[in-house]
Amino acid sequence: MEENRVIDITRSSFEVHKVVSPPHRSTLLKLKNRLKETFFPDDPLRQFKGQTIKKKLILGAQYFFPILEWCPNYRFHMFKSDIISGLTIASLAIPQGISYAKLANLPPIIGLYSSFVPPLVYAVLGSSRDLAVGPVSIASLVLGSMLSEVVSPTKDPLLFLQLAFSSTFFAGLFQASLGFLRLGFIIDFLSKATLIGFMAGAAIIVSLQQLKGLLGIINFTKQMAIIPVLSSVFHTINEWSWQTILMGFCFLVFLLLTRHIGMRKPKLFWVSAGAPLLSVTISTLIVIAIKGQNHGISIIGKLQEGLNPPSWNMLHFSGSYLGLVIKTGIVTGILSLTEGIAVGRTFAALKNYQVDGNKEMIAIGLMNIVGSSTSCYVTTGSFSRSAVNHNAGSKTAVSNIVMAVTVMVTLLFLMPLFQYTPNVVLGAIIVTAVIGLIDIPAAFQIWKIDKFDFLVLLCAFFGVIFVSVQDGLAIAIGISILKVLMQITRPKTVMLGNIPGTGIYRDVDHYKEALGVAGFLILSVEAPINFANVTYLKERISRWIQDYEEEGAKKQPGLRVVVLDLSPVSAIDTSGISLFKDLSMALEKKGLEFVLVNPIGEVMEKLQRADETKDLMRPDVLFLTVEEAVASLSSTVKYQIPEHV
């Protein structure tokens, strides 16, 4: 308390309102309400109220299979828009599917398989009209890096493939379980700062990994950290191929230019959408014409024709690798789920419709479970393909079906055309795709708003590029949880003062015109009170009292009343109740009064149950507002002081 800024409040007549007890509710009813708010905040059953049995069955079927909701109203003009959108995203999905499979250390054909079956499943179960599903860079990178730390994709490709399918199964199982159990709040631990830092770091690592293809290097490190990657690049200069570098540079510039055009002018979305397939086509023709494979240009090679073969017999549900595939599945499942739901909600907001997060979890989860049995790896909603789908004018999930059919035709009849596709172009496609993951404006905004969040962002970023992808993510999540724990264990407490001429009391540090009241220490706790923070609160309140008394000994009246405003306290436990009792006893020994202001329903109810001696619930201890407490008790403070000093 730096200066003696106090007022003396005395009122001859002032009505004091009684603090009303909350209505009685049984334990079962309170448990029911708590569970409802935790797991069913959107009240999904409200649409069934007052409906006939037949209508309820129809609504239930539409809830689990959203295709039944929009399909009866489907019209030909919508189909024309969906065909254009589906063909457009297919032109992007085919080269990206091949590229992302290589990023995951999987055969390129797996990327096309993953762009065929999952979109069909999502079209039936998904609730987004714009989400275009398939492999994505982040999930591909994480899956490939986590599995390759234990199993080599080159020395034991069959086992690696089996582990990839098994990880996909557990990713889908985890995702679908979150949806069925309505536990989607778990993915909220991936804060915006964590995701921005993680994706920026992953984008850099992914780009650096593509130097193998862009430079024509044969022997390249499998590690994902920046130092081993750069070390590998400069220790293999003798393997660099000028033909590969020239081709890679030209197509990378072309792809970046078309991406820039697409971003600056959304109506020209088809320029950036068609650029990857055009690059693949042109580069393949060049390689065929000059026989590039004989001049140091690495090509994909022969790809298997035909539709997805079954892979349920390749899933691992036991053995020494079970822990690895479960861990990989959970990590990739969380990342892909977060990306898919975020993308779906983004475009739903643009078109003013709702996307049910729990339905999306179930749809994406079942999509991956089915995919793991049909030679697919982890898939989700892709931001780049969804943006193209949206800009192309998609009306429904039929665009996913059109894309899947196009990929099917490619798998059946066009695979020989990709045999001579150079790997350098696939690397250029990946680099172009992941550059968009580096969001510098968002990082700058986080720096302006919350420095601690920016620290989380940096930890995720540097953890990914210097340690590993999964460790960087784990570090960022750990720091985010630490931040939450700090907010819980060190809640904010403020001293309130009166705004002159009003009955309003506000933080004296925030409102400079707010004045302290003579003889009163008015405090507010701006957080729930529980076992994790009662010790801190007891010490902090004691320090407030000591500071006030020290100032009072010098130049202002002594303390007589401690007022604790409980309006911001949303919850309390038994340890919190004990805190009030201990404070009341300690202050009573000092000859000070201790009063509580406006405890809300749950806090009030627990105070009533715990206050057997009725010390905390007396009318002269419990007040509705700070104004009433000060007005009622000011007559007991026997000091004559100037109104303003």
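Along each chain, residues carry numbers from 1 onward, in the same order as the chain's sequence is written. Only residues with pLDDT of at least 70 get local features here, since the model is predicted, and only at 80 or more are side-chain atom pairs given and counted; chain-wide, interface and lining totals rely on the full set of residues. Computation of side-chain values covers all heavy atoms of the structure but excludes hydrogens and water.

- As recorded by an unreviewed UniProt entry, the protein chain carries the name Probable sulfate transporter 3.3 and is attributed to Solanum pennellii.
- Recorded in UniProt for the protein chain, the comment headed Subcellular location (unreviewed entry) runs: "Membrane". UniProt positions are given in the numbering used here, feature names are shortened, and annotations may be inferred rather than shown by experiment.

### Remarks on the overall build of the protein chain
Point 1. Summing up its helical and strand segments, the protein chain has 25 helices and 10 strands in all.
Point 2. In terms of overall dimensions, the protein chain has a C-alpha envelope of 100 × 65 × 55 Å along the principal axes.
Point 3. Classification of residues uses two cut-offs on accessible area relative to the type maximum, computed with a 1.4 Å probe and protein chains only: under 20% is buried, over 50% is exposed, and between them is partly exposed. Counting over 645 residues, the protein chain shows a buried share of 53%.
Point 4. Exposure was quantified through the Shrake-Rupley algorithm and a 1.4 Å probe, taking into account, for residues, occlusion by the shown protein chains and nothing else. With an accessible surface of roughly 30,300 Å², the protein chain has 63% of that area assigned to carbon and sulfur atoms. The secondary structure listing takes helices from DSSP runs of H or I that are at least 4 residues long and strands from runs of E that are at least 2 residues long, numbered from the N terminus.

### Comments concerning the sheet that holds strand β4 (residues 493-498)
The strands making up a sheet are joined through hydrogen bonds of the backbone, oriented either antiparallel or parallel.
Point 1. Two strands qualify as a pair provided DSSP detects at least 2 bridges between them. Spatial strand order, β5-β4-β7-β8-β9-β10: six strands in an open sheet with mixed pairing. Looking at which strands have only one partner, the edges of the open sheet turn out to be β5 (505-507) and β10 (622-623).
Point 2. In terms of strand pairing, β4 meets β5 through three bridges, oriented antiparallel. Directly across from G497, in β5, lies its bridge partner R506.
Point 3. The contact criterion used throughout is that any non-hydrogen atoms of two residues lie within 4.5 Å. In this description, a line fitted to the C-alpha atoms serves as the axis of each element, helices being fitted only across the stretch in contact, and the angle between N-to-C directions of two axes falls anywhere from 0 to 180 degrees. Lying over the sheet, helix α23 (residues 574-589) contacts β8 (561-565) and β9 (593-597), oriented at roughly 150° with respect to β9.
Point 4. In the packing of helix α25 (residues 626-633) onto the sheet, contacts are made with β5, β7 (520-525), β8, β9 and β10, and the angle to β7 comes to roughly 160°.

### Structural notes on the nonpolar core
Soluble, globular proteins show a tendency: their nonpolar side chains are buried together.
Point 1. What makes a nonpolar core is a set of buried Ala, Val, Leu, Ile, Met, Phe, Trp, Tyr and Cys residues whose side-chain atoms join them at distances within 4.5 Å. Counting residues in hydrophobic clusters, the biggest one holds 120 residues, and the most contacted among them are L106, I110, L112, V142, F198, L335 and L411.
Point 2. Broken down by element, the residue count for this core peaks at 11 residues, all from helix α8 (residues 157-180).
Point 3. Counting residues in hydrophobic clusters, the runner-up holds 35 residues, among them V19, V534, W544 and L587.

### Structural notes on the packing of aromatic side chains
Point 1. Only the six-membered ring of Trp is used, alongside the rings of Phe and Tyr, when aromatic pairs are assigned; centres must lie within 6.5 Å, and planes under 30 degrees apart are stacked while those over 60 apart are edge-to-face, with the rest tilted. The final tally for this structure, using the stated rule, is 10 aromatic pairs.
Point 2. Ring plane angle 75° and centroid distance 6.1 Å describe the contact between F170 and F317, whose orientation is recorded as edge-to-face. Residue F170 is found in helix α8, and its partner F317 is found in the loop between α13 (269-290) and α14 (322-351); the two are separated by 147 residues along the sequence.
Point 3. The partly exposed category is assigned to F317, whose relative accessible area is 45%.
Point 4. An aromatic cluster of three or more residues is present, and its members are W70, Y74 and F79.

### Comments concerning the side chain of E239
Point 1. In this fold, E239 is placed in the loop between α11 (226-234) and α12 (242-264).
Point 2. In this structure E239 is buried but unpaired, with K212 as the nearest side chain of opposite charge at 8.7 Å.
Point 3. Setting aside its immediate chain neighbours within four residues, E239 contacts L215, G216, I217, I218 and N219. Only four residue types enter the charge count, namely Lys and Arg as positive and Asp and Glu as negative; His and the chain termini do not. Whenever a carboxyl oxygen of Asp or Glu lies within 4 Å of a side-chain nitrogen of Lys or Arg, that contact is scored as a salt bridge.

### Quick word on the pairing of β7
Point 1. Within β7, six of the six residues are buried, leaving the element largely enclosed by the surrounding structure.
Point 2. Because side chains alternate across β7, one face comprises the buried residues F520, I522 and S524, and the other comprises L521, L523 and V525, equally buried.
Point 3. Sheet topology places β4 next to β7; three bridges connect them, and they run antiparallel. Bridging from a neighbouring strand, M495 pairs with L523 of β7.
Point 4. Sheet analysis places β7 next to β8, joined by five bridges and oriented parallel. Paired with S524 across the bridge in β8 is D565.

### Focus on a nonpolar patch on the surface
Point 1. Each patch is assembled from residues with relative accessible area greater than 30% and no salt bridge, linking like charges that lie within 9 Å and nonpolar side chains (Val, Leu, Ile, Met, Phe, Trp, Tyr) that lie within 5 Å. Together, L307, V405, V409, L412, F413, L414 and L417 give the surface a local cluster of nonpolar side chains, amounting to about 590 Å² of exposed area.
Point 2. Tracing the chain through its elements places L307 in the loop between α13 and α14.
Point 3. The class for L307 is partly exposed, based on a relative accessible area of 35%.

### Focus: the packing of helix α9 (residues 192-209) against helix α20 (residues 451-466)
Point 1. At a minimum axis distance of 7 Å, the contact between α9 and α20 shows a crossing angle of 25°. Taken together, the axes of α9 and α20 lie roughly parallel to each other. Considering how the two elements wind past one another, α9 and α20 form a crossing that is right-handed. Facing A193, T194, I196, G197, F198, A200, G201, A202, I204 and I205 of α9, the residues of α20 in contact are D453, V456, L457, A460, F461, V464 and I465.
Point 2. Taken together, the residues of the contact of α9 with α20 break down into 13 nonpolar, three polar and one charged. Relative orientations are named as follows: roughly parallel for angles under 35 degrees, roughly antiparallel for angles over 145 degrees, roughly perpendicular for angles from 65 to 115 degrees, and oblique for any other angle. Crossings are assigned a handedness: left-handed for a near helix turned anticlockwise from the far helix by less than a right angle, right-handed for a clockwise turn. Under the grouping applied here, Gly and all other residues not named as nonpolar or charged are polar, the nonpolar ones being Ala, Val, Leu, Ile, Met, Phe, Trp, Tyr, Cys and Pro and the charged ones Asp, Glu, Lys and Arg.

### What to know about helix α7 (residues 137-148)
Point 1. Given the number of residues in a helix, its expected span is that number minus one, multiplied by 1.5 Å. Helix length check: α7 (12 residues) gives 16 Å between terminal C-alpha atoms against 16 Å at 1.5 Å per residue, within 8%.
Point 2. Burial runs high along α7: 12 of the 12 residues are buried.
Point 3. For α7, every residue scored as buried is listed here: S137, I138, A139, S140, L141, V142, L143, G144, S145, M146, L147 and S148.

### Topic: the pattern of salt bridges
Point 1. Applying the stated rule across the entire model yields six salt bridges.
Point 2. Across the pair K483 and D450 runs a salt bridge whose closest N-O atoms are separated by 3.0 Å. Separated by 33 residues along the polypeptide, K483 in helix α21 (residues 469-489) and D450 in the loop between α19 (440-449) and α20 bring together distant segments of the chain.
Point 3. For K483, a relative accessible area of 16% corresponds to the buried category.
Point 4. As a salt-bridge pair, K606 and E602 come within 3.3 Å of each other at their nearest N and O atoms. Here the residue K606 and the residue E602 both occupy positions in helix α24 (residues 601-610), the gap between them amounting to four residues, near one helical turn.
Point 5. Residue K606 is classed as partly exposed on the basis of its relative accessible area of 32%.
Point 6. Judged by relative accessible area, which is 25%, E602 ranks as partly exposed.

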